[in-house]
Amino acid sequence: MNVLVSNDDGIKAAGLAALVNALSKVADVYVCAPNGQRSAASHSITMRELIRVKSAEIENAKIAMTSTGTPADCVRLGIKVLKDLGIEIDMVFSGINMGGNLGTDTLYSGTVAAAIEGSILGKPSVAVSVNSHEAEHFGYACRIAVNCARNAWDKIPEGHILNVNVPNLPDYNIEGVKYTKLGPREYLPWFNHENGIEGAHDLIDLEYTYGSTPVEYDELTVDYDVRAMERRFATITPLRYDMTDYEMIETIKEWGLNDK
């Protein structure tokens, strides 16, 4: 099996090195990752600038490349460059991300977007994250990733991905795995005011930083990923890029939206 690994933390990220090492035990691993940090890039692509792709050195990777593009760019370009070299990728992994990609955060995630790009290209794909920006415990996440490569590569339906999140804990402190749905993900405050006068309407000149304290959802059950993570479970959530609400198609026909 030929596996492509990408991420949004950049080619030098510890999580990427850990994932490549783990997957190399069960597959031939190839890498195409951004040349720097691209967190929260979502599914952006580079349209108005040249994208450079260069060779890189990653232990246990058959071929490694780094790109000036986004995570989605890296997956699409990685698959293309390798195909031009006669190498057909069978499966795409994104991660291991430093920080969780839970709930509605998946909409902003470059990690999840890289996996979705693989799915768009017809490749079974998995996003893997450890729920800390200072993550240091990758073993449990690596084992789930290896199990995905062994057992799920020919079972993930077209248009779907698996989104894996693991607590940043030693294995013996993780309660197990929950198969979950996305929950809400909010931060308080959303933005921190740093400089400028708030409420000045005649001349607005303000500076903010993004909030970083997630809200805890005690009322949710552990079938939601955010709550399961709070309870020290690893989570696996199936996602799909088709966001159509098929039931609502019939409902909106009655809204008179095409009235003249």
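Before reading on, note that the structure itself is shown above.
Everything numeric here is computed off the predicted structure, so don't read it as measured data.

Draft legend 1. Here's a closer look at a nonpolar patch on the surface. On the surface, Leu107, Tyr108, Trp190, Phe191, Tyr208, Tyr210 and Met243 cluster together into a nonpolar patch covering about 800 Å² of accessible area. Inspection of the secondary structure assignment puts Trp190 in the loop between strand S8 (177-179) and strand S9 (191-195).

Draft legend 2. The sheet that holds S8, seen in detail. As summarised here, the arrangement of the 9 strands in space is S3-S4-S2-S1-S5-S6-S7-S11-S8, forming an open sheet in which the pairing is mixed. Looking at the sheet topology across the chains shown, the edges are occupied by strand S3 (53-56) and S8. Taking each pair of neighbouring strands and ignoring which way they run, the sheet shows an average axis angle of 25°. Pairing of strand S6 (residues 125-130) with strand S7 (residues 160-166), which is carried by 6 bridges, proceeds in the parallel orientation.

Draft legend 3. Region of the structure containing the pattern of salt bridges. The tally for this structure, following the rule as stated, stands at 12 salt bridges. Across the salt bridge formed by Asp171 and Arg143, the nearest N and O atoms sit 1.7 Å from each other. Of the two residues, Asp171 is situated in the loop between S7 and S8 and Arg143 in helix H4 (residues 139-151); the sequence distance between them amounts to 28 residues. Residue class for Asp171 comes out partly exposed when judged on its relative accessible area of 32%.

Draft legend 4. Representation of H4 within the structure. An ideal rise of 1.5 Å per residue puts 18 Å on 13 residues; H4 measures up with 18 Å between its terminal C-alpha atoms. Those residues of H4 that fall on the buried side of the exposure criterion are Tyr140, Ala141, Cys142, Ile144, Ala145, Val146, Cys148 and Ala149. Elements in contact with the buried residues of H4: helix H1 (14-23), strand S5 (91-98), S6, S7, S8 and strand S11 (234-240).

Draft legend 5. Spatial organisation of the environment of Leu162. Structurally, Leu162 can be placed in strand S7. Separated by 74 residues in the primary sequence, Leu162 and Glu88 have C-alpha atoms spaced 21 Å apart. If sequence neighbours within four positions are ignored, Leu162 has contacts with Ser125, Val126, Ala127, Cys148, Ala152, Ile156, Ile236, Thr237 and Pro238.

Draft legend 6. How the structure looks around the side chain of Asp9. If you trace the backbone, Asp9 turns up in the loop between strand S1 (2-6) and H1. In this structure, Asp9 is buried with no salt-bridge partner, the nearest side chain bearing the opposite charge being Arg38 at 10 Å. Looking at Asp9, its side chain comes within polar contact range of the side chain of Ser39, at 3.3 Å. Within the structure, the side chain of Asp9 is placed 2.9 Å from the backbone nitrogen of Met98, a separation counted as a polar contact. In contact with Asp9, not counting residues within four places along its chain, are Gly36, Gln37, Ser39, Ile96, Asn97 and Met98.

Draft legend 7. View of H1. Counting buried positions along H1 gives 7 out of 10 residues, so the element sits mostly inside the fold. Looking at H1, one finds that the buried residues are Gly15, Leu16, Ala18, Leu19, Val20, Ala22 and Leu23. In this structure, the buried side of H1 is in contact with S1, strand S2 (28-34), S5 and H4.

Draft legend 8. Up close: unusual backbone geometry. Between Gly95 and Ile96 the backbone carries a cis peptide bond, its omega angle lying at -5°. Along the chain, Ile96 turns up in strand S5. Phi angles above zero are rare outside glycine, and Ala40 is one such case at about 65°. Taking the relative accessible area as the measure of exposure, Ala40 reaches 57% and is therefore exposed. Even without being glycine, Ser42 reaches a positive phi, approximately 55°. Residue placement: Ser42 occurs in the loop between S2 and S3.

Basis of the calculations
Residues numbered from 1 in each chain as written. Predicted model: local features only at pLDDT ≥ 70, side-chain atom pairs only at ≥ 80, totals over all residues. Heavy atoms only, no water. Patch = residues over 30% accessible without salt bridge, like charges linked within 9 Å, V, L, I, M, F, W, Y side chains within 5 Å. Areas by Shrake-Rupley, 256 points an atom, 1.4 Å probe, with all protein chains shown as cover. Salt bridge = Lys/Arg side-chain N within 4 Å of Asp/Glu carboxyl O. Helix = DSSP H or I, 4+ residues; strand = E, 2+ residues; numbered from the N terminus. Pairing = 2+ DSSP bridges. Axes fitted to C-alpha atoms, helices over the stretch in contact; angles between N-to-C directions. Buried < 20%, exposed > 50% of the residue type's maximum accessible area, 1.4 Å probe, protein only. Expected span 1.5 Å × (residues − 1). Contact = heavy atoms within 4.5 Å. Lys, Arg positive; Asp, Glu negative; His and termini not counted. Polar contact = N/O pair within 3.5 Å; in protein donor to acceptor, adjacent residues only side chain to side chain.

Purely geometric stuff here, so don't read any function into it on its own.
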